[in-house]
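Observations on the three-dimensional arrangement
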Amino acid sequence: MDALIAGVTIVELDPEDTSVGYGGLPNADGVVQLDASCMHGPRKRAGAVAALEGVRNPSLVAQKVMDQTDHHLLVGPGAQVFARNMGFTIEDDLNTDRSRRTWLEWKRRTTPLLYLDPDRRELAMRRLEREMITEGLIEENHFYGTINCNGVNARGEICGVTTTSGLAWKIPGRVGDSPILGAGLYVDGEIGAAGSTGRGEASLYSLCSFLIVEEMRRGKHPKDAGLEALRRIQAATIEQRLLNERGTPNFNINFYILNRRGEYAGVAMYSPDGRQQFAVCDEKGPRLEVSTPLLEGSA
Ligand code: GLY
């Protein structure tokens, strides 16, 4: 658990990374609100924080919730008070120049759209999100950017952590899948671990990480268990605003899956030209591998 959290805190602290922690893309009010969770297989314990402001390393606070309390999830101001009491530095603002400038640009582009009716506004927002991605202002994977990191040791002991700044420009207070046990992360020490990145609402709706671990319990390989969750998401995606012209989901979502024997998989709704990748480190060293897509093409 310590090793996994040490891994993700590197990215949480990186001012150039806009998907998690310090410098993560803020909510619609320009405030960075962070979510994180961790689960410890052998100890059967978990901790999480949601909508936490002012602390660069939400994953470390989630670990404190796991280690120091009887609770699983602390949110908002309560999570911040807890972090302060645990000795974390509370900062006024976790924006970097880069995340603030990107938010200002979004604000500038969206303000004239605020008076449209909700359906048109939704479409307009999605159009301009695509525009900002195409113009290179936001990296596509950083819109819902998140890290999930799972690990197993030689004794088959398995842990996981997920950390995120959540959906860029979210409604203040929005909590995604990352801190919700069973959605953005689930670990069963006897079976394995699964976690997600991408559109959190989709993973939340079907509690996909839990579903994947349960599919592995029934004997599925990590890849087949992950593809089953993606099929569940596709079946649950029926609203027009979430479908592309081919009638398939117009968002991406990824799962990272590891069982206690060390078998693993990365799966994605789409992986155009093998672009959805995940990092693996084992006895052969660290490397990137391509996620297995459920569907051809892109979102
Ligand atoms: N998967 C991250 C989020 O939706 O917040």
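Read on for a plain summary of the structure.

How each quantity is defined
- Residues numbered from 1 in each chain as written.
- Predicted model: local features only at pLDDT ≥ 70, side-chain atom pairs only at ≥ 80, totals over all residues.
- Heavy atoms only, no water.
- Salt bridge = Lys/Arg side-chain N within 4 Å of Asp/Glu carboxyl O.
- Helix = DSSP H or I, 4+ residues; strand = E, 2+ residues; numbered from the N terminus.
- Axes fitted to C-alpha atoms, helices over the stretch in contact; angles between N-to-C directions.
- Parallel < 35°, antiparallel > 145°, perpendicular 65-115°, else oblique.
- Contact = heavy atoms within 4.5 Å.
- Nonpolar A, V, L, I, M, F, W, Y, C, P; charged D, E, K, R; others polar.
- Left-handed = near helix turned anticlockwise from the far one by under 90°.

1. Focus: the pattern of salt bridges
- Per the counting criterion, the structure on display carries 23 salt bridges.
- Glu-105 is the salt-bridge partner of Arg-108, the closest N and O atoms lying 2.6 Å from each other. Within this pair, Arg-108 and its partner Glu-105 are both found in helix H4 (residues 97-110), separated by three residues, close to a single helical turn.
- Here Arg-231 makes a salt bridge to Glu-228, at a shortest N to O gap of 3.5 Å. Placement of the pair is Arg-231 and Glu-228 together in helix H8 (residues 222-236), with a separation of three residues, close to one helical turn.

2. Notes on the packing of helix H1 (residues 2-13) against helix H2 (residues 58-68)
- Their axes nearest at 8 Å, the elements H1 and H2 cross at an angle of 150 degrees. Taken together, the axes of H1 and H2 are roughly antiparallel relative to one another. Facing H1, whose interface residues are Asp-2, Ile-5, Val-8, Thr-9 and Glu-12, H2 presents Pro-58, Ser-59, Leu-60 and Gln-63.
- In the contact of H1 with H2, the residues fall into four nonpolar, three polar and two charged.

3. A word on the packing of helix H7 (residues 208-217) against H8
- Packing of H7 against H8 brings their axes to within 8 Å, and their N-to-C directions diverge by 140 degrees. Relative to H8, the element H7 lies oblique. In this structure, H7 meets H8 at a crossing whose hand is right-handed. Where H7 approaches H8, its residues Cys-208, Leu-211, Ile-212, Glu-215 and Met-216 are matched on the opposing element by Pro-222, Ala-225, Gly-226, Glu-228, Ala-229, Arg-232 and Ile-233.
- For the contact of H7 with H8, the class distribution of residues is eight nonpolar, one polar and three charged.

These values are about where atoms sit, not about what they do.
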